[in-house]
Amino acid sequence: MRSRIWSAIGMTVLLSACATMSETGRTDPDLPATLARLQAHREQNRTGSVWGFLYLREPGVPTSLKDWPVTLLPLTPGLEAAVQHTRQAYRAGDYAPMPFQTLDQLKQVLNSYRSQLNDAGRGDLIRQVKTETGNDPKFEFREVPEGRWLLLAEMPSPASLAVWIVPVTVTAGTAAKQMLNDQTVIEGLIQ
């Protein structure tokens with residue numbers, strides 16, 4: 001019972017945060033400062049990299065997601081709050097698949113955010129690679145300006161959607177490793 005209450009509270013907070021960010025014509029208020037900071041780091045050659053593997057071990061046979069798209073976006077504090085609310089709601093619900101509306105709302109926020117990046121002339125910061133096709137489903141982003149970023153990947157199935165929405169910090173001169181696996185996935189139902 002208590003987990004259902006926390007799940008409902010988390011859901012309410014998430015939907016509120018998402019609704020605030022996706023209002024028509026409203027730009028994420030943190031976006032200009034985030035873009036300026038990333039541009040300064042790029043100009044100062046303060047870059048690093050992000051790499052990891054994309055796979056699922058459960059249920060049953062491990063699934064390596066080879067030749068699979070992984071996206072990297074700049075992360076603002078407002079977007080990070082929406083992501084954290086989603087994760088909290090997922091944990092509070094004992095990792096049961098989230099309702100379609102919750103993940104759909106977050107996807108709308110992410111789509112709106114991508115549009116804001118494009119409208120600001122910074123579509124170049126929306127980066128996408130595919131995982132390797134060899135033995136390991138490795139992905140890597142190089143020359144990433146120092147700062148907070150968001151890794152995204154998704155895997156639809158007939159009944160549900162597995163999504164990875166994982167914040168990562170890039171530090172100049174280092175390689176940040178972030179696994180996209182069972183511990184970082186969020187599952188939602190498909191309508």
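Another point: the confidence of the model for the protein chain. Confidence in the prediction of the protein chain, expressed as mean pLDDT, is 86, and 85% of residues score 70 or more. Ignoring residues within four places in sequence, the model shows residues 1-25, a span with pLDDT below 50, making 34 contacts including any to other chains.

Below, the discussion takes up the pairing of strand β4 (residues 69-74). Regular strands place their side chains on alternate faces of the sheet. Taking burial as the measure, the 6 residues of β4 include 5 buried ones, the bulk of the element. Bridge count between β4 and strand β5 (residues 127-130): 4 bridges; the pairing is antiparallel. Residue L72 lies in a different strand from β5, and its bridge partner there is R127.

With 13 residues, helix α2 (residues 31-43) should cover 18 Å at 1.5 Å per step; its first-to-last C-alpha distance of 18 Å lies within 8% of that length. Considered for burial, the residues of α2 that qualify are L31, T34, L35, L38 and H41. Across the axial projection of α2, the buried residues extend over an arc of 125°, all falling on one side. Turned more than 90 degrees from where α2 packs its buried face, P32 and E43 sit exposed. In this structure, the buried residues of α2 make contact with β4, α3 (77-92), α4 (100-119), β6 (138-145) and β7 (147-156). In the stretch just after α2, N45 is the one whose phi turns positive, near 60°.

Among the nonpolar cores identified, the biggest contains 44 residues, and L151, W164 and L180 are the most heavily contacted of them. Taken together, the elements giving at least two residues each to this core come down to α2, β4, α3, α4, β6, β7, β8 (160-170) and β10 (185-189). Sorting elements by how many residues they give to this core places β8 first, with 8 residues. Aside from chain neighbours lying at most four places away, what touches L151 is V50, V70, T71, L72, F139, F141, W164, I165, V166, V168, Q178 and L180.

On to α4, then. Taking 1.5 Å as the rise per residue, α4 with 20 residues should run 28 Å; its terminal C-alpha atoms sit 28 Å apart, in good agreement. All buried positions along α4 are accounted for by T102, L103, Q105, L106, V109, L110, Y113, Q116 and L117. When α4 is viewed along its axis, its buried side chains cluster within an angular range of 155° and face the same direction. The positive-phi residue at the C-terminal boundary of α4 is G121, with phi of around 75°.

Ordered by their spatial adjacency, 5 strands build an open sheet running β5-β4-β7-β8-β10, and the pairing between neighbours is antiparallel. Either end of the sheet is taken by a strand with one partner, and the two such strands are β5 and β10. Each strand of the sheet is rotated relative to its neighbour by a mean of 25°, with strand direction disregarded. This element, α4, spans β4, β7, β8 and β10 of the sheet and lies at about 65° to β4.

In this section: unusual backbone geometry. A positive phi angle, near 55°, is found at D94, a position not held by glycine. Residue position: D94 is located in the loop between α3 and α4. For D94, a relative accessible area of 56% translates into the label exposed. Phi is positive for Y95, close to 65°, though the residue is something other than glycine. Along the chain, Y95 falls in the loop between α3 and α4.

The rules behind each value
Within any chain, residue numbers begin from 1 and follow the written order of that chain's sequence. Per-residue local features are limited, in this predicted model, to residues with pLDDT of at least 70; the limit for side-chain atom pairs, both in listing and counting, is 80 or more; totals at the level of whole chains, interfaces and linings are taken over all residues. Just so you know, side-chain values use all the structure's heavy atoms and leave hydrogens and water out. On a range of 0 to 100, pLDDT expresses the predictor's confidence in each residue. Note on contacts: a residue pair qualifies if any of its non-hydrogen atoms lie within 4.5 Å across the two residues. Accessible area is worked out with a 1.4 Å probe on protein chains only. A residue is then buried under 20% of its type maximum, exposed over 50%, and partly exposed in between. Comment: elements are numbered from the N terminus, with helices defined as DSSP H or I runs of at least four residues and strands as E runs of at least two. Two strands pair under a simple rule: DSSP has to find at least two bridges between them. A helix is expected to span 1.5 Å for every residue after the first. The directions considered for the arc are those from the helix axis to the C-beta atoms. In this description, a nonpolar core means a group of buried Ala, Val, Leu, Ile, Met, Phe, Trp, Tyr and Cys residues linked to one another through side-chain atoms lying within 4.5 Å. Axes, fitted as lines to C-alpha atoms, cover a helix only where it is in contact. Angles between the N-to-C directions of the axes lie from 0 to 180 degrees.

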